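# Structure at a glance
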Amino acid sequence: MNEQFDIAVIGAGPGGYSTALRASQLGLNVALIERDATPGGTCLNRGCIPTKTLLDITATFDAVRHTADAGINARIDSIDFNAVHERRTQVVSTMVHGLSALLAQRGVTVFQAEASLDRDASVDPQWHTVRLAASPNTAGVLRRDAKNSTPQGPELTIEARHVVLATGSRPRPLPGTPFHNAIIDSTQALAIDFPKSAVIIGAGAVAVEFASIWNSAGCDVTLIIRKDRVLSAWDRRVGVTLTRELARNGITIIKNASITHVESDSPAEATVRYRVKGSDEETTLHADTVLGAIGRDANTNATWLSDAGVERDEQGLIITDAYGRTHARDIWAVGDIVAGHALAHRAFEQGITVAERIAGLDVEPVDEDTVPQVVFSRPQAACVGLTGAQAKADERFLNVAETAYPMMGNARMLMSGTTGALSVVSGELATKPGARVVLGVHMVSPEATELIAEAEQLVGNRVPLSEAARLIHPHPTFSEAFGEALLKADGRPLHTR
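Residues numbered from 1 in each chain as written. Predicted model: local features only at pLDDT ≥ 70, side-chain atom pairs only at ≥ 80, totals over all residues. Heavy atoms only, no water.

The protein chain appears in an unreviewed UniProt entry as Dihydrolipoyl dehydrogenase from Bifidobacterium merycicum. For the record of the protein chain, the UniProt heading Subcellular location (unreviewed entry) holds the text "Cytoplasm". (UniProt positions renumbered as here; feature names shortened; annotations may be inferred.)

Okay, here's the thing in structure tokens:
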């Protein structure tokens, strides 16, 4: 008889492993299946964690570069790239080992394998048949714990009452141009030494984060974007401010541009041709490296998904209800493969929600309005909730207002030598006229990725603006700017008009 589980989770990224951890905590028997040798998915192994490690490392360059402003003479003699990569690898390895130990401690059975569903093989309709096959570069299926891996043969079949899909996403190649030679994706960008010159195509988080990393390290960076600002889907003030600051830091930004051709005949050089909107003239750029950062595609193209009755939309994203349940019986989906923000912290909450629903708990679905977006550029950008335009178009709210706070009125901003932006969106609940609440917060600032957590609490809990504005913020801090912005939004500005 095949080994049976309450839940089989396919994919061990943030959405998958959070499902597994919470489900096992609730007493369910869980199998977690991952094609890679380590759990954690893109975020831990080749995304969030390694890129932020490089951002922390390269922040040293900026600090040294600005010491002269404080009367300190310092310089950087050279970069030991072996040490840089070793530090990145060490941080990732430490977190991977910690996650593996936690999965083992919680009793989650982890397989390294390629998984697929075989609907025709299911004898009992209450069970799904999950076939495991050798993943790339392995001789067969492996059962893994925190320290060891045990071969299970070339194939293995298990059964599960519920299946949770968490297969993640992959970098999207430039149209008509696969990644090759010096045309690289974000995963490859982590492994190379910092280039001397680079063209980055894209305007989202990956693009501006690598632009910040390489620029701080002394690379000649050109960022080519389709619109007039980076983060164009965000609040306009945030996008315009961050674009200006990136340019002020030395990054060349080519706006309103369309790529006409990209080519690379060697790993050491690439050529980009583009046109700027309104001009017929084609411009050519040469660089050591071209990073394609135009988005990611969901890993949902396996034929067995259709055979299992899992429906996808035109973008290949799996269609679910608010709780992550697909149209197929007892099959769920979380993370980058469902519509919404492709962010690890959103996937964590989705995984917890799915696990609790399967366990029979009465829980609320993930509130998309409370998912904070964060970008670790220099300076950082963060937002949560609705933009002013979104709130004004939403029938749930009345008398929507946007309040901009002048960030240079904050002492810590002045000390930092950078500028920023901060705006608060507030409005009345249509069901409770007169009760003005915080609907959205949008900011560019040092430490913005930390400051946004407070804003998330206000937005998510529909805290009345008058109460939020009475919360005391320590002086002098960056967070004080948020407190001042709330006071201004409440009609009681202190250090501003």
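## Comments concerning the domain arrangement of the protein chain
Quoted interface sizes are often the accessible area lost when the parts come together. What the domain assignment reports for the protein chain is domain 1 (3-46 + 87-168 + 299-359), domain 2 (172-294) and domain 3 (379-490). Using only C-alpha atoms to locate each centre, domain 1 and domain 2 end up separated by 33 Å. (Domains from an automatic or database assignment.)

## Overview of the state of the cysteines
Two cysteines joined by a covalent bond between their sulfur atoms form a disulfide. In the structure shown here, the tally under the stated rule is one disulfide. The disulfide that involves Cys 43 links it to Cys 48, with 2.4 Å between the sulfurs. Across the disulfide from Cys 43 to Cys 48, rotation about the S-S bond amounts to roughly -125°, and the bridge is consequently left-handed. Of the residues examined, Cys 48 reaches a relative accessible area of 28% and is grouped as partly exposed. Here Cys 383 is not disulfide-linked; the sulfur of Cys 48 is the nearest cysteine sulfur, at 16 Å. (Disulfide = S-S within 2.5 Å. Buried < 20%, exposed > 50% of the residue type's maximum accessible area, 1.4 Å probe, protein only.)

## Quick word on the sheet that holds strand β20 (residues 373-375)
The five strands lie next to each other as β20-β21-β24-β23-β22, forming an open sheet whose pairing is antiparallel. Among the strands making up the open sheet, the edge pair consists of β20 and β22 (397-405). Between one strand and the next, the sheet's axes are offset by a mean angle of 15°, whatever the strand orientation. Here strand β21 (residues 380-385) runs beside strand β24 (residues 432-445); their pairing, made up of six bridges, is antiparallel. By the bridge assignment for β24, Cys 383 is matched with His 442. (Pairing = 2+ DSSP bridges. Helix = DSSP H or I, 4+ residues; strand = E, 2+ residues; numbered from the N terminus. Axes fitted to C-alpha atoms, helices over the stretch in contact; angles between N-to-C directions.)

## Focus on the packing of helix α12 (residues 448-460) against helix α14 (residues 479-489)
Across the interface, α12 lies against α14 with an axial gap of 9 Å and an inter-helix angle of 35°. Seen along the crossing, α12 lies across α14 with a hand that is right-handed. Contacts between α12 and α14 pair Leu 451, Glu 454, Ala 455 and Leu 458 from the former with Ser 479, Phe 482 and Leu 486 from the latter. (Left-handed = near helix turned anticlockwise from the far one by under 90°. Contact = heavy atoms within 4.5 Å.)

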